[in-house]
Amino acid sequence: MKVMLRMNNTGTLVVYVPKKDLEEEVVKETDSEAGKILTLTNGWELEVSEFPDKSRLPVTVEAKRLS
């Protein structure tokens, strides 16, 4: 699924999922073999294989929902 990554005013990474109209803050970032796993405040875990440099945000990337 396509998601947008951006930083909010407090410097926290935020994920927006357009198809679900969902915007949640990232509470945990974990490195995995396939990329990064982002844990959102609602409990979702998204795997992003090509995680961009945070200085290049906002950006749209492909993510896979793990849970």
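Worth saying up front: this structure is predicted, and the values here are computed from it rather than measured.

Trainee: So what exactly am I meant to see when it comes to the pairing of strand β1 (residues 2-7) here?
Mentor: Residues in a regular strand point their side chains to alternate faces of the sheet. As judged from the four bridges shared by β1 and strand β6 (residues 59-65), these two strands associate in the antiparallel manner. For Met-4, the partnering residue across the bridge sits in β6 and is Thr-60. Pairing of β1 with strand β2 (residues 13-17), which is carried by four bridges, proceeds in the antiparallel orientation. From the neighbouring strand, Met-4 faces β2, where its bridge partner is Tyr-16. Two successive antiparallel strands, β1 and β2, enclose a turn made up of five residues, where Gly-11 displays a positive phi of approximately 85 degrees.

Trainee: Even after reading the chapter, I still don't get the pattern of salt bridges, so can you show me in this structure?
Mentor: Side-chain pairs of opposite charge can arise where the charged atoms are in close proximity. Applying the stated criterion across every chain yields a total of five salt bridges. In this structure, Lys-2 engages Glu-62 in a salt bridge whose closest nitrogen and oxygen atoms are separated by 3.7 Å. Of this pair, Lys-2 sits in strand β1 while Glu-62 is found in strand β6, placing the two residues 60 residues apart along the sequence. A relative accessible area of 54% places Lys-2 in the exposed class. Residue Glu-23 pairs with Arg-6 through a salt bridge whose shortest N-O separation is 3.2 Å. Residue Glu-23 is located in strand β3 (residues 22-32), and its partner Arg-6 is located in strand β1; the two are separated by 17 residues in the primary sequence. A relative accessible area of 43% means that Glu-23 is categorised as partly exposed. Each member of the salt-bridge network shares a partner with another, and the members are Glu-29, Asp-31, Lys-36 and Lys-54.

Rules behind the numbers
Residues numbered from 1 in each chain as written. Predicted model: local features only at pLDDT ≥ 70, side-chain atom pairs only at ≥ 80, totals over all residues. Heavy atoms only, no water. Pairing = 2+ DSSP bridges. Helix = DSSP H or I, 4+ residues; strand = E, 2+ residues; numbered from the N terminus. Salt bridge = Lys/Arg side-chain N within 4 Å of Asp/Glu carboxyl O. Buried < 20%, exposed > 50% of the residue type's maximum accessible area, 1.4 Å probe, protein only.

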